[in-house]
Amino acid sequence: MAEIPGLATAWDSVLERTSPAMLKTVVTFGLHELFYWGSYVPFFVMDQIPALRRWKIQPDVVNTGVTQWKCAKLIIMNHLAVVLPLVFLSHLFEGAGSLQADAELPTLATIALQVLVCFVIEDFLFYWGHRALHTRLLYRLVHHVHHEFSAPLGLAAEYAHPVEVIFLGMATVVGPLLVNAHIITTWVYLFLRCLQTVECHSGYDFPWSLNRWFPLYGGADFHDHHHKHYSGNYASIFTWTDAVHGTDEAYRKWKAEQRRQLSKADDVAADAAVSAKQATPSEIDSADEREAKVPNSAIDARSSNVKTTQMAT
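These numbers come from a predicted model, not from an experiment.

If you had to explain helix α6 (residues 162-178) to someone new, which residues and values would you point to?
If you check α6, its first and last C-alpha atoms are 24 Å apart, about what 17 residues at 1.5 Å a residue would give, namely 24 Å. Along its length, α6 shows its largest kink, about 30°, at Met170. Taken residue by residue, α6 has Glu164, Val165, Leu168, Ala171, Thr172, Gly175, Pro176 and Leu177 as its buried positions. Once α6 finishes, Asn180 follows within two positions and takes phi at roughly 55°, a positive value.

As structure tokens, then:
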């Protein structure tokens, strides 16, 4: 980011006023709150617009205000009682594997590469941690809390048992520590991760959603299936780990059936359109014939009546 004019000077000013410890702890936690709740705001607004429900994956399920408040309360508690202490504890790691908060800013290329590596690491660790949470014992004791939402909303991304917040939260922290990321890189990664997980739980699959043009990204369509059926699709971001281990089989069959039904519906619509075009001339001819027959019948009837009268006379 050193390439951006004035940014290096602004960062130097920040370092003069704020200690590295403060940046790594209080500022990082504050940004996490801003990123997480801010990412949910657009989806909250969308939920108030009935016309957008056509893009809901489970449009018949409505999360009420009571449900959303219940969700928000647990998340606030987890953030204050679990996430905040974890952020402070992460500052204890110094030397190799620590976050950097020095004056030298990373380049945009470095940020992009390290963020991508962090996503890959997080996705891999999350897959195995999440899959472990679906074992009978851990699901009953811990993970069932997150699955109270069979049709999730964006806010429910971090709605979980405190043990799960620690367990899966570590998957998010490991990446920046392993790549020895600058604090700026960590913030960029944190922003994108919050945005991604909220979108993943939003329940919306828009025509412009990332998974529509980048198939390796799971998105809401991929994860919503996991919440609806309580198994499979364990990865948090990408689809390849589930594909390699066959834990997306039910999802793939469901998508294939969706495509088959859409194709069938398109064929029926096309056949109906062709039939309508072919039926139009015959319908016109039939209408003309009926119109021609009615007056003739009336005339014949009148003629018959006249003849009968004359004979009677």
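How would you sum up the pattern of salt bridges? Please name residues and give values.
Summed over the entire model, instances satisfying the criterion amount to eight salt bridges. The residue Glu122 makes a salt bridge to Arg193 at a minimum N-O spacing of 2.9 Å. A residue pair is termed long-range when its members are at least 10 positions apart, and Glu122 in helix α4 (residues 108-133) and Arg193 in helix α7 (residues 183-200) qualify at 71 residues. For Arg252, the salt bridge identified is with Asp248, shortest N-O distance 2.5 Å.

So, the environment of Ile166: which residues are in play, and what are the values?
Take Ile166: it is sitting in helix α6. Ile166 sits in the partly exposed class, given a relative accessible area of 39%. With 83 residues separating them in the primary sequence, Ile166 and Val83 have C-alpha atoms 7.8 Å apart. The contact partners of Ile166, leaving out residues within four places of it in the chain, are Val82 and Leu86.

So, helix α3 (residues 65-90): which residues are in play, and what are the values?
Residues that lie three or four places apart on an α-helix share one face, since the helix turns once every 3.6 residues. Its 26 residues place the ends of α3 35 Å apart at the C-alpha level, agreeing with the 38 Å of an ideal helix rising 1.5 Å per residue. For α3, the set of buried residues is Gln68, Cys71, Ala72, Leu74, Ile75, Asn78, His79, Val82, Val83 and Val87. Residues of α3 that are buried sit in contact with α2 (20-47) and α6.

How would you sum up the packing of α4 against α7? Please name residues and give values.
Orientation of α4 relative to α7, taken along the N-to-C sense of each, is 50°, at an axis distance of 10 Å. Accordingly, the angle class assigned to the pair α4 and α7 is oblique. At the point where α4 passes α7, the crossing takes the right-handed sense. Judged by residue contacts, Ile111, Gln114, Val115, Cys118, Phe119, Glu122 and Phe126 of α4 engage Ile184, Thr185, Val188, Tyr189, Leu192 and Arg193 from α7. A breakdown of the residues in the contact of α4 with α7 according to their chemical character gives nine nonpolar, two polar and two charged.

Now, about the confidence of the model for the protein chain: what can you tell me, with residues and values included?
Residues with a pLDDT of 70 or more make up 84% of the protein chain, whose mean pLDDT is 85. Below pLDDT 50 for its whole length, residues 294-313 participates in zero contacts with residues either more than four positions away or in separate chains.

Can you break down the side chain of Thr239 residue by residue, with the values?
Along the chain, the position of Thr239 falls in the loop between α9 (219-229) and α10 (240-245). What makes Thr239 buried here is its relative accessible area of 12%. Non-local contacts of Thr239, meaning those with residues more than four positions away in its chain, are made with Pro215, Leu216, Tyr217, Gly218 and Phe222.

Conventions adopted
Residues numbered from 1 in each chain as written. Predicted model: local features only at pLDDT ≥ 70, side-chain atom pairs only at ≥ 80, totals over all residues. Heavy atoms only, no water. Helix = DSSP H or I, 4+ residues; strand = E, 2+ residues; numbered from the N terminus. Expected span 1.5 Å × (residues − 1). Bend = angle between axes of the 7 residues up to and from the residue. Buried < 20%, exposed > 50% of the residue type's maximum accessible area, 1.4 Å probe, protein only. Salt bridge = Lys/Arg side-chain N within 4 Å of Asp/Glu carboxyl O. Contact = heavy atoms within 4.5 Å. Axes fitted to C-alpha atoms, helices over the stretch in contact; angles between N-to-C directions. Parallel < 35°, antiparallel > 145°, perpendicular 65-115°, else oblique. Left-handed = near helix turned anticlockwise from the far one by under 90°. Nonpolar A, V, L, I, M, F, W, Y, C, P; charged D, E, K, R; others polar. pLDDT = per-residue confidence, 0-100.

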